[in-house]
Amino acid sequence: MEKNASTSSLKDLGPSGLDLTSAFFKPIHNSDPPLPSNRRTKVSVVGVGNVGMAIAQTILTQDLADDIALVDAKPDKLRGEMLDLQHAAAFLPRTKITASVDYEVTAGSDLCIVTAGARQNPGESRLNLLQRNVALFRHIIPPLAKASPDSILIIVSNPVDVLTYVAWKLSGFPVNRVLGSGTNLDSSRFRFLIADHLDVNAQDVQAYIVGEHGDSSVALWSSISVGGIPVLSFLEKQQIAYEKQTLEDIHQAVVGSAYEVIGLKGYTSWAIGYSVANLARTILRDQRKIHPVTVLARGFYGVDGGDVFLSLPALLGRNGVVAVTNVHMTDEESEKLQKSAKTILEMQSQLGL
C-alpha cells in the first residue's frame, strides 16, 4: 500500500482528487501523440548567418544533440562554418556535424530550426519584405518537412509570428509541432530589466511579454512576481506609489533592445542563440517548462478572427507545444493582446495562403 501511495501523481491532490493540470492549462487540440524517443538526437539549422551559427554553437556546447546538420544556399560559407565547428572537436562534446545545400542532410531530424530570411532593402516596404520571405519559405519548409516528417519546427526568421503561420501552412504539420521563437527573448530582456531595477537575480523574476514579437507586444504587469511575490499587488498593499509611465518605459526599453544592439554591433546573435537553445533543451529533454513562444492563438484569451500565431506562455515538451498556460490578464492586457492579434492578422491577410 505504501508503495502505491508513493508513486501516485501529485497532480491529483486537489480537492476531491481534482486533476489540477486541467485547471492550469488548456490542451492543444488535434495534436499528435508523443513520439518514442530516439537513441540519437538530431537538430538541423537552416541558415548559417550570425543568428543561425549562434544557435548551432550554443546547442553544440550545451551537448543537446548527437547530430547537427547545417543548411544554407551559400556553399562556401556553409562549408567554412562546418569546418570551423568540426576543428573544435577536441574541446566539445562528441557531436557529428554535417552541412549541405541539399535538404536531405536534415533527414531524420528531431528538431528543425529555421533562421534563414531575406534582408530588408533600403526603402523596401515591410509587406514586400514579408512576401519575399514567404517565397523563400516555399523553398525551405516543404523539403524540410519531407525529409523529417516527424520533426518539430522552430521558426526564428522575422517577422516570426507571420512566418510561423506560413511554416505551419506549408509543412502540413499539426499545430503542436510548429512554433516560433516569439517573445521568449523579449521576456528574458524584460526579466533582466526588472531584476536590474530590484537588484535581484533575473531567474527569480517571473514575467512575460506576449503578443506580437514587435511593436504591439504586451507586457503582463499584472502577473509579474519576484521570489513568488506578486509585484503590483505588493506595492498596493504596502501603499507604495508607482507611475504607470515607469512601467511603460520599461516595456519600451524591451521593445527597443534589439534595435539598440543592432545599432551598436550591426546584428543580434548571442542572446537569440541562448534563447533558442533554451527552447531546444526544453523540447528535446521533455522538460515541460513554460516559455512565451509563437503558437496558434485562436481560442485563447479571447483571440479570434482567424488562424493567428502570436506569443503566449506555453508548456513545451518532447511533442512540441503541450498546452497554453492560463496566465491572469487584466481587461486592459487582454484588449491589448487582441489588438496585437489583429495587427498580425492584417499582415497575414495580404499573403494569399
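Definitions and cut-offs
- Residues numbered from 1 in each chain as written.
- Predicted model: local features only at pLDDT ≥ 70, side-chain atom pairs only at ≥ 80, totals over all residues.
- Heavy atoms only, no water.
- UniProt positions renumbered as here; feature names shortened; annotations may be inferred.
- Domains from an automatic or database assignment.
- Contact = heavy atoms within 4.5 Å.
- Buried area = accessible area lost by both parts, 1.4 Å probe.
- Salt bridge = Lys/Arg side-chain N within 4 Å of Asp/Glu carboxyl O.
- Helix = DSSP H or I, 4+ residues; strand = E, 2+ residues; numbered from the N terminus.
- Nonpolar A, V, L, I, M, F, W, Y, C, P; charged D, E, K, R; others polar.
- 1 Å grid on protein atoms, 1.4 Å probe; cavity = no way out; pocket = protein on both sides within 12 Å on 5 of 7 lines; lining within 4 Å.
- Points joined across faces, edges and corners; volume = space filled by probe spheres on them.
- Core = buried A, V, L, I, M, F, W, Y, C linked by side-chain atoms within 4.5 Å.
- Buried < 20%, exposed > 50% of the residue type's maximum accessible area, 1.4 Å probe, protein only.
- Expected span 1.5 Å × (residues − 1).

With an unreviewed UniProt entry as reference, the protein is termed L-lactate dehydrogenase, source organism Arabidopsis lyrata subsp. lyrata. Within the UniProt record for the protein, the comment given under Catalytic activity (unreviewed entry) is "(S)-lactate + NAD(+) = pyruvate + NADH + H(+)".

1. Here we look at the domain arrangement of the protein
On domain assignment, one finds that the protein holds domain 1 (38-180) and domain 2 (183-350). Put simply, the middle of domain 1 and the middle of domain 2, counted by C-alpha atoms, are 24 Å apart. Listed as interface residues are 35 residues of domain 1 and, on the opposing side, 34 residues of domain 2. Taken together, the two surfaces of domain 1 and domain 2 that pack against each other cover about 3,000 Å², and 68% of this comes from carbon and sulfur. Contact with domain 2 buries surface across domain 1, with Leu 64, Asp 161 and Asn 176 losing the most and accounting together for 19% of the total. One can count 1 salt bridge joining domain 1 with domain 2. A salt bridge links Asp 110 to Arg 318, with the shortest nitrogen-to-oxygen separation between them at 2.8 Å. The element best represented in the side of domain 1 that touches domain 2 is helix 3 (residues 50-61), accounting for 7 residues. In the side of domain 1 that touches domain 2, the residues fall into 20 nonpolar, 10 polar and 5 charged.

2. Quick notes on the layout of surface pockets
Any empty space left between the atoms is revealed when a probe the size of a water molecule rolls over them. Quantified by volume, the second largest pocket comes out at close to 590 Å³. Along its surface, the second largest pocket is lined by 21 residues, and Asn 184, Ser 188, Arg 191, Asn 278 and Lys 289 are the ones closest to its centre. Going through the elements one at a time, helix 7 (184-198), strand 8 (205-206), helix 10 (270-284) and strand 13 (289-296) are the ones with two or more residues in the lining of the second largest pocket. By residue number, the principal contributor to the lining of the second largest pocket is helix 7, which donates 6 residues. Each residue belonging to the lining of the second largest pocket can be placed in one class, and the counts come to 10 nonpolar, 9 polar and 2 charged.

3. Considerations on the nonpolar core
Of all hydrophobic cores here, the largest spans 85 residues; its most connected members are Ile 59, Leu 70, Leu 111, Ile 113 and Leu 312. In this structure, this core is formed jointly by two domains, domain 1 (38-180) and domain 2 (183-350), each of which donates at least three residues. Aside from chain neighbours lying at most four places away, what touches Ile 113 is Val 43, Ser 44, Val 45, Val 46, Ile 55, Ile 59, Ile 154, Val 156 and Val 276. By size, the runner-up hydrophobic cluster in this structure holds 16 residues, among which are Phe 190, Ile 194, Leu 232 and Val 254.

4. Description of the pattern of salt bridges
Inspection of the entire model under this criterion finds 6 salt bridges. In this structure, Lys 77 and Glu 81 form a salt bridge, with 2.8 Å as the shortest nitrogen-oxygen distance. A residue pair is termed a helical-turn pair when its members lie 3 or 4 positions apart in one helix, as Lys 77 and Glu 81 do in helix 4 (residues 75-86) at 4 residues. The partner of Asp 307 in a salt bridge is Arg 298, and the shortest N-O contact between them spans 2.5 Å.

5. Thoughts on the UniProt feature "active site" (unreviewed entry) in the protein
UniProt's feature table lists "active site" (unreviewed entry) at His 213, given in the numbering used throughout. Turning to its location among the elements, His 213 is positioned in the loop between strand 9 (209-210) and strand 10 (218-219). Note on His 213: relative accessible area 26%, which makes it partly exposed. Each residue touching His 213, except ones within four places of it in the same chain, is listed here: Asn 158, Val 160, Asp 161, Gly 182, Thr 183 and Asp 186.

6. Examining helix 10
Relative to the 21 Å expected for 15 residues at 1.5 Å per residue, helix 10 spans 21 Å between its end C-alpha atoms, a close match to the ideal helical length. Taken together, the buried positions of helix 10 are occupied by Ile 272, Gly 273, Ser 275, Val 276, Ala 277, Leu 279, Ala 280, Thr 282, Ile 283 and Leu 284. Just downstream of helix 10, Asp 286 is the residue with a positive phi angle, here 50 degrees.

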